[in-house]
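# Observations on the three-dimensional arrangement
The lines below spell out each chain.
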Amino acid sequence: MAISKETPKRIRVSLGSAIVLGLLEGTIDAEPTTAYLMTYRKDKCTANCAFCPQARESQSRTDMLSRISWPVFLTEKVLNGIAEAVKDSAIKRVCVQVLNYPNVFTHLLALVKTINQRVKVFISISCQPLNSESIRQLAEAGAERIGIPLDAATEELFDKVKGLSAGGPYRWENQFKLLSEAVNIFGKAKVSTHLIVGLGETEREMVNTIQKCVDIGVLPALFAFTPISGTTLENNAQPQIQKYRRIQIARHLILNKIARYEDMRFDTEDCISDFNVEKKTLRKIIQTGTPFLTSGCPNCNRPYYNEKPSGPIYNYPRTISQTELSEIERQLSLYGV
Ligand code: SF4
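This section reports on the structure supplied with the text. Predicted, not measured: the structure shown is a model, and the values here were computed from it. The residue numbers shown here count from 1 along each chain, following its written sequence. Owing to the predicted nature of the model, reporting of local features is limited to residues with pLDDT of at least 70; listing and counting of side-chain atom pairs is limited to 80 or more, with chain, interface and lining totals taken over all residues. Hydrogens are left out, water is left out, and the side-chain values use all remaining heavy atoms of the structure.

## Here's the deal with the site of the ligand
Taken together, Cys 45, Ala 47, Cys 49, Phe 51, Cys 52, Gln 54, Ala 55, Leu 99 and Tyr 170 make up all the residues around the ligand. Three classes are used, and their members are as follows: Ala, Val, Leu, Ile, Met, Phe, Trp, Tyr, Cys and Pro are nonpolar, Asp, Glu, Lys and Arg are charged, and the others, Gly among them, are polar. Residue composition of the shell around the ligand, by class: eight nonpolar, one polar and no charged. The criterion for a residue being near a molecule or strand is simple. One of its heavy atoms has to lie within 4 Å of it.

Have a look at this one:
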């Protein structure tokens, strides 16, 4: 079946996905179980998120998103690669990430329809939909899940890194409104948002926002801030691993309704000082390794999106070894677990 004229002829594919789809030769330390695609255009995104190499004013390479490179391929070849990889059970989901530009919605809609017609695979999209009508159209076109990124944990930080002060089109209130509308259309647990740890928020602020998202039926996926050369935030540091681990546990407890933000205690610096969960229970949870795996849609493991394979590994894309779990316990030793 030929692709429709609205479907973009070219598309970016994350390097690891391109190898799994047979588009490039290479070896990878951890294979992605989702094929990550990104809309292609010669120019950058019209938005201006301060952490993003695709941002309008960033000086970064145009083939980068986070620390991953995304070479361009013919969409037709990518679709064939996805069909084969799904047949071999190498790929369980396709995630389409979208830049912002004037006719992006037409491209996205056509792309989702095309993938849906060609391959029986779950489709997630990570985008900035315009309104509830466009969210509905994406669901009808075959998207199984949608992600609408908040990225920042507070309204003030959001404005600074993505909103008006950053020269971007996004507004905190509107993002929450779209997330709620998306839950009404896609259903609870089918809508995600990204939260980046390390943009200047406190642990209390991050945990509070995680709770707010979960309360409205939105699944928060955690990312560690990653400085990319050429972006506004290129000189900022990655978050402390201990802070990241505490937030991963808090997210796990909230998501699984083991504890709420209001139950947790914070010290004078607003770091988590007590999860208000029995030590024995906490230890069991840590030993499962689950809180420290990549978070997001089912089968999304985003290998090395935030970290070098040499570490520190913020989000594990694979089963965590006992040695690594012991190290994680050491990172959390403050809590006597
Ligand atoms: S909207 Fe997405 S691609 Fe565009 S600058 Fe922001 S994070 Fe980057």
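## Regarding the pairing of strand E9 (residues 191–197)
Partly exposed describes any residue whose relative accessible area lies between the buried limit of under 20% and the exposed limit of over 50%, with all areas from a 1.4 Å probe on protein chains only and scaled to the type maximum. Numbered from the N terminus, helices here are DSSP runs of H or I no shorter than four residues, and strands are runs of E no shorter than two. Burial of E9 is extensive: seven of the seven residues sit out of reach of the surface. Only strands that DSSP links by at least two bridges are regarded as paired with each other. Bridge count for strand E8 (residues 145–147) against E9 is two bridges, and the pairing is parallel. Counted as the bridge partner of Ile 146 is Val 191 from E9. Note that E9 and strand E10 (residues 218–224) share seven bridges and pair parallel. Bridge pairing in E10 places Ser 192 opposite Leu 219. Seen with its strands pointing away from the viewer, a crossover is right-handed if its path from the first strand over the helix to the second goes clockwise. Handedness of the crossover joining E9 and E10 through helix H7 (residues 203–215) is recorded here as right-handed.

## Remarks on the sheet that holds E10
Taken in spatial order, the eight strands line up as E5-E1-E2-E6-E7-E8-E9-E10 in an open sheet, and their pairing is mixed. The sheet terminates laterally at strand E5 (72–74) and E10, the two strands that pair on one side only. Neighbour-to-neighbour, the strand axes of this sheet turn through a mean angle of 30°, independent of strand direction. Residue contacts are counted whenever heavy atoms from the two residues lie within 4.5 Å of one another. Each axis is a line fitted through C-alpha atoms, taken for helices only over the stretch in contact, and angles between the N-to-C directions span 0 to 180 degrees. Contacts from helix H3 (residues 104–118) reach strand E1 (10–13), strand E2 (34–39), strand E6 (93–97) and strand E7 (122–126), with the element oriented near 165° to E7.

## What about the packing of aromatic side chains?
Think of a pair of aromatic rings as described by two things: how far the centres are apart, and how the planes are tilted against each other in angle. In this scheme Phe, Tyr and Trp rings, the latter by its six-membered ring, pair at centre separations within 6.5 Å, and the angle between planes marks the pair as stacked below 30 degrees, edge-to-face above 60, and tilted otherwise. Within the structure shown, the criterion is met by five aromatic pairs. Residues Phe 158 and Trp 172 carry aromatic rings whose centres are separated by 5.7 Å and whose planes lie at 70° to one another, so their mutual orientation is edge-to-face. Of this pair, Phe 158 sits in helix H5 (residues 155–161) while Trp 172 sits in helix H6 (residues 172–186), and the two are 14 residues apart along the sequence. Both residues of the pair, Phe 158 and Trp 172, count as buried. Ring geometry for Tyr 261 and Phe 266: centres 5.7 Å apart, planes at 45°, overall tilted.

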